[in-house]
Amino acid sequence: MKSIKEIREIFQAACLEELPEFINIYSEDEREGVRKIAVAAQKKLDALEKEKQRIEKLKFYENKYSDYELICGIDEVGRGPLAGPVVAGAVILPGNCDILYINDSKQLSEKKREELYEVISEKALACAVGSASPQRIDEINILQATYEAMREAVSRLPIKPNLLLNDAVTIPGVEIRQIPIIKGDAKSISIGAASIYAKVTRDRLMCEYDKVFPEYGFANNKGYGSAAHIEALKKYGPTPIHRRSFIKNFVDI
């Protein structure tokens, strides 16, 4: 007879497909500790089923517009920071997309975003990003720079979509049909994927900037106006990646 420790190790090493058999074997075990492990396995399966149902609901707009063969989600990150570019993501997922845990990138941990970025990169039909520099943001304002980044992301896709699902906005100067969806990154699997793709791209870039400008804590704050970032800005002055139009309330420029 296997010990409780051995059974726990089997559970921890088991893939999801193996859990039903595991539960069948151990749910009626005479030892309470083993039955508790079987209950934990069942909870894991229940959570998986709940996630699958959530993802199916997240495909509402993709199913609604299923007549369009190539549906592209569009989202941006970095409209609010004091430093760094604004980055837009464009992602075309396959119609039978089975990626779990996609959500508004702000609702996910950094570790989960990184994991999903790799899965999205592997399973998507096409992914691309566009960006607008801090200088460009200062020149044409953040809204126009965001539109510019979105247009660039769409243009860089290796295949051309025939429908865009956008987070909240309608992008000027794009001939492809667009559907703006308020809080779309939490309502559309395609927009959620684009949100994650853009967020990880920008976060990685800000971590690289942190190596160049370590005083500002860009690896932690990603350019947003944390207290430590603002203090460093006042102490050391702006870097080339600071948005002059965003920092004028903190420093003389």
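Nothing here was measured: the structure is a model prediction, and the numbers come from that model.

Peer 1: Can you break down the pattern of salt bridges residue by residue, with the values?
Peer 2: Here the structure, examined in full by the defined rule, presents 16 salt bridges. When the shortest N-O distance is used, the salt bridge between Asp 104 and Lys 106 registers 3.2 Å. Glu 208 is paired through a salt bridge with Lys 211; the nearest N and O atoms lie 3.1 Å apart. One end of the pair, Glu 208, and the other, Lys 211, are both in helix H8 (residues 189-212), 3 residues apart, so they sit about a helical turn from each other.

Peer 1: Explain unusual backbone geometry to me, using residue names and the numbers behind them.
Peer 2: In this structure, Tyr 101 is a non-glycine residue whose phi angle is positive, near 75°. Using a relative accessible area of 37% as the deciding quantity, one classes Tyr 101 as partly exposed. The backbone phi angle of Lys 222 is positive, close to 55°, even though this residue is not glycine. Here Lys 222 is to be found in the loop between helix H9 (218-221) and helix H10 (227-236). Judged by relative accessible area, Lys 222 falls into the buried class, the value being 8%.

Peer 1: Summarise the packing of aromatic side chains; cite the residues concerned and give the values.
Peer 2: The final tally for this structure, using the stated rule, is 6 aromatic pairs. Between the NZ or CZ atom of Lys 112 and the centre of the ring of Tyr 101, over which it lies, the distance is 4.5 Å. One Lys or Arg, Arg 204, reaches over the ring of Tyr 117 and ends 4.4 Å from the middle of that ring.

Peer 1: Pulling in residues and values, what's your account of the nonpolar core?
Peer 2: Note that soluble globular proteins tend to have their nonpolar side chains buried in a common cluster. Of all hydrophobic cores here, the largest spans 25 residues; its most connected members are Val 91, Leu 93, Ile 102 and Ile 120. Listing elements by their share of this core, those giving two or more residues are helix H3 (32-58), strand S2 (86-92), helix H5 (110-123), strand S3 (126-132) and H8. It is H8 that provides the largest number of residues to this core, a total of 7 residues. If we skip the residues at most four places from it in the chain, Ile 120 touches Val 91, Ile 99, Ile 102, Cys 127, Ala 193, Ile 196 and Tyr 197. In this structure, Ala 88, Val 154, Val 169 and Ile 176 belong to the second largest nonpolar core, which totals 24 residues.

Peer 1: How would you sum up the sheet that holds S3? Please name residues and give values.
Peer 2: The strands making up a sheet are joined through hydrogen bonds of the backbone, oriented either antiparallel or parallel. The sheet built from 5 strands is open, its strands ordered S3-S2-S1-S4-S5 with mixed pairing. Whereas interior strands pair on both sides, the edge strands pair on one side only; in this sheet they are S3 and strand S5 (178-181). On average, each strand axis in the sheet is inclined to that of its neighbour by 20°, with strand direction left out of account. Of the strand pairs in this sheet, strand S1 (residues 71-77) and S2 are connected by 6 bridges, and their pairing is antiparallel. Looking at the pairing, Asp 75 lines up with Gly 89 of S2.

Peer 1: Explain the packing of helix H1 (residues 4-13) against helix H2 (residues 19-26) to me, using residue names and the numbers behind them.
Peer 2: Interhelical geometry of H1 versus H2 gives an angle of 160° and a closest axis separation of 10 Å. On the basis of the axis angle, H1 is roughly antiparallel to H2. Judged by the sense of rotation from one axis to the other, the crossing of H1 with H2 is left-handed. Taken together, the residues of H2 that come into contact with H1 (itself represented by Ile 7, Ile 10 and Phe 11) are Leu 19, Phe 22 and Tyr 26. Grouping the amino acids of the contact of H1 with H2 by side-chain chemistry returns 6 nonpolar, no polar and no charged.

Peer 1: Tell me about the environment of Gln 107, residues and numbers included.
Peer 2: Tracing the backbone through its elements, the reader meets Gln 107 in the loop between S2 and H5. Exposure remark for Gln 107: the relative accessible area of 58% places this residue in the exposed category. Along the sequence, Gln 107 and Val 174 sit 67 residues apart, while their C-alpha atoms lie 29 Å from each other.

The rules behind each value
Residues numbered from 1 in each chain as written. Predicted model: local features only at pLDDT ≥ 70, side-chain atom pairs only at ≥ 80, totals over all residues. Heavy atoms only, no water. Salt bridge = Lys/Arg side-chain N within 4 Å of Asp/Glu carboxyl O. Helix = DSSP H or I, 4+ residues; strand = E, 2+ residues; numbered from the N terminus. Buried < 20%, exposed > 50% of the residue type's maximum accessible area, 1.4 Å probe, protein only. Phe/Tyr/Trp six-rings, centres within 6.5 Å; stacked < 30°, edge-to-face > 60°. Lys NZ or Arg CZ within 6 Å of the ring centre and 35° of its normal. Core = buried A, V, L, I, M, F, W, Y, C linked by side-chain atoms within 4.5 Å. Contact = heavy atoms within 4.5 Å. Pairing = 2+ DSSP bridges. Axes fitted to C-alpha atoms, helices over the stretch in contact; angles between N-to-C directions. Parallel < 35°, antiparallel > 145°, perpendicular 65-115°, else oblique. Left-handed = near helix turned anticlockwise from the far one by under 90°. Nonpolar A, V, L, I, M, F, W, Y, C, P; charged D, E, K, R; others polar.

So yeah, pure geometry; function would need other evidence.
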